[in-house]
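Descriptive structure summary
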Amino acid sequence: MHPRPSPIAAALYTLRDMEVDVIIMHGPSGCCFRTGRLLEDEGIRVITTAMTENDFIFGAADKLIETIQEVYEAFHPKNIGIVGTCASMIIGENMKDAAREAGVDSNIIVVETHGGYSSGDNTSGAIQALEAANEAGIISDEEVERQSLMLKKATELEKTRGMAKGEYIQPDYGDNKVKVAQVILDYINNNKKVALVLNAKKETSYLFADIMTISWTAYNPDNIPLFIANTDEDIGLPYIKSHAVEVNEKINKNADYITGGLDEYPITGDKALEILQKDNVDLAVIVGVPHAVDVAKLDAKTVALTDGPRLVKPLREMGFDYVVTELDAHSKTLGAKSIVESEFAQTIRGLME
């Protein structure tokens, strides 16, 4: 009942992950405006065909052909992504024909999605983009299959434990950061076993991993937190792997356990839970996508750090003892190439002084 990410936005982000040079949105100039602007911070040129009311009636295939040709003349891109919108799909625009008629020497990935595609889940648009890229020869069958499975599991996770459960969820900004930060330090100072679990999604790892860049080894050398992270450097598209490499280089010590890749966050929570149970931790601080860890099965105090105010209530219902929000993680990390400051991590640092 409340707004959620759309298939159009997910298609745009997925094309970003495949490092296309230009994305053309076939629709009104205001469609997915914020997402398009943010993606330009990644160095991707986002263009629109600027459909108007007249185009809704008579069609805008010629506009799309002209836009493709103009994009080619201006940027000479190797790969162009074309993403549909509600407007272009409702009137039945044939974007593939337009791409062929444009006659440019670029790989063109046509994603025929719209805001209500399939069940309206954002992951539907991401899967469409993967399949379109496969058709264009950009990624392999195996990678499409692997990522599609992860995306379907992500949808299942959001519908069972996250903000897509169905009912309206009032935004909640969670517990006081100073209070929760002090709880973590008290556990460390009292020689309790603390685990920091990074279970983050792609580039948001740059913000959520900041808690692991704190000088824990110097703060209490006799009781250093356990590091668990989904930063496998060999899983995912090259763009995603580069995030994992950067995070692993910047954290305060090597991760004690690697649970999987940065695009495997829907399933790496299960591996993290197994490790937490085996190591008998007293406090688990789970950051990024904390609802992927079923803390009801964990005999320990738990802290969740999320970027979603609408996830606070579901996380408390799951059994988290403390929930802290880190706002605007996506906008803060788009275009980032290294660790981004986390307010919660900074709060911890302040209390250490």
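Before going further, it helps to spend a moment on unusual backbone geometry. Note: most residues except glycine have negative phi, and most peptide bonds are trans. With a phi close to 50 degrees, cysteine 32 is a non-glycine residue in the positive phi region. Looking at the element boundaries, cysteine 32 is found in the loop between β1 (22-26) and α2 (33-40). Residue alanine 50 is not a glycine yet carries a positive backbone phi of 55 degrees. The class for alanine 50 is partly exposed, based on a relative accessible area of 32%.

On to a nonpolar patch on the surface, then. A contiguous nonpolar patch, built from Phe56, Ile57, Phe58, Ile90 and Ile91 and spanning about 570 Å² of accessible area, is present on the exposed surface. Broken down by element, the residue count for the nonpolar patch peaks at 3 residues, all from helix α3 (residues 53-58). Checked against the element boundaries, phenylalanine 56 lands in helix α3. Exposure remark for phenylalanine 56: the relative accessible area of 33% places this residue in the partly exposed category.

Locating lysine 177 in the fold gives a position in helix α9 (residues 177-189). The spatial distance from the C-alpha of lysine 177 to the C-alpha of threonine 347 is 6.9 Å, given a sequence separation of 170 residues. Setting aside anything within four residues of it in sequence, one finds lysine 177 in contact with Val324, Thr325, Glu343, Phe344 and Thr347.

Here we come to the packing of helix α8 (residues 141-160) against helix α13 (residues 265-278). Packing of α8 against α13 leaves a shortest axis separation of 7 Å and a crossing angle of 75 degrees. In terms of orientation, α8 and α13 fall into the roughly perpendicular class. Of the residues in α13, those in contact with Met150, Lys153, Ala154 and Leu157 of α8 are Tyr265, Pro266 and Ile267. Of the residues that constitute the contact of α8 with α13, the class distribution is 6 nonpolar, no polar and 1 charged.

Another aspect to go through is the pattern of salt bridges. All told, the structure shown has 21 salt bridges when counted by the stated rule. Among the ionic pairs, arginine 146 bridges to aspartate 263, the shortest N-O distance being 2.6 Å. Pair noted here: arginine 146 is in helix α8 and aspartate 263 is in the loop between β7 (257-258) and α13, with a separation of 117 residues, a long-range link. Here arginine 146 matches aspartate 263 in class, with each residue buried. A salt bridge links arginine 349 to aspartate 210, with the shortest nitrogen-to-oxygen separation between them at 2.8 Å. With a gap of 139 residues between them, arginine 349 in helix α16 (residues 343-352) and aspartate 210 in the loop between α10 (205-208) and α11 (216-219) connect regions that are remote in the sequence. The exposure class assigned to arginine 349 is partly exposed, which follows from its relative accessible area of 22%.

Moving on to the packing of aromatic side chains. Per the counting criterion, the structure on display carries 0 aromatic pairs. Of note, lysine 253 hangs over the ring of phenylalanine 227, and the distance from its end group to the ring centre comes to 4.9 Å.

Note: strands within a sheet are paired through backbone hydrogen bonds, in either parallel or antiparallel orientation. Pairing is parallel in the open sheet, where 4 strands are placed in the order β2-β1-β3-β4. Of all the strands in the sheet, the pair left with one neighbour each is β2 (45-48) and β4 (107-111). Direction aside, the axes of adjacent strands within the sheet are offset by 20 degrees on average. Here strand β3 (residues 79-84) runs beside β4; their pairing, made up of 5 bridges, is parallel. The residue bridging valine 83 from the neighbouring strand is valine 111, located in β4. Across the sheet, helix α1 (residues 7-17) lies against β1, β3 and β4, angled at about 175 degrees from β3, the strand it touches most.

Reading the values: rules and limits
Residues numbered from 1 in each chain as written. Predicted model: local features only at pLDDT ≥ 70, side-chain atom pairs only at ≥ 80, totals over all residues. Heavy atoms only, no water. Helix = DSSP H or I, 4+ residues; strand = E, 2+ residues; numbered from the N terminus. Buried < 20%, exposed > 50% of the residue type's maximum accessible area, 1.4 Å probe, protein only. Patch = residues over 30% accessible without salt bridge, like charges linked within 9 Å, V, L, I, M, F, W, Y side chains within 5 Å. Areas by Shrake-Rupley, 256 points an atom, 1.4 Å probe, with all protein chains shown as cover. Salt bridge = Lys/Arg side-chain N within 4 Å of Asp/Glu carboxyl O. Contact = heavy atoms within 4.5 Å. Axes fitted to C-alpha atoms, helices over the stretch in contact; angles between N-to-C directions. Parallel < 35°, antiparallel > 145°, perpendicular 65-115°, else oblique. Nonpolar A, V, L, I, M, F, W, Y, C, P; charged D, E, K, R; others polar. Phe/Tyr/Trp six-rings, centres within 6.5 Å; stacked < 30°, edge-to-face > 60°. Lys NZ or Arg CZ within 6 Å of the ring centre and 35° of its normal. Pairing = 2+ DSSP bridges.

Shape is all these values report; function is a separate question.
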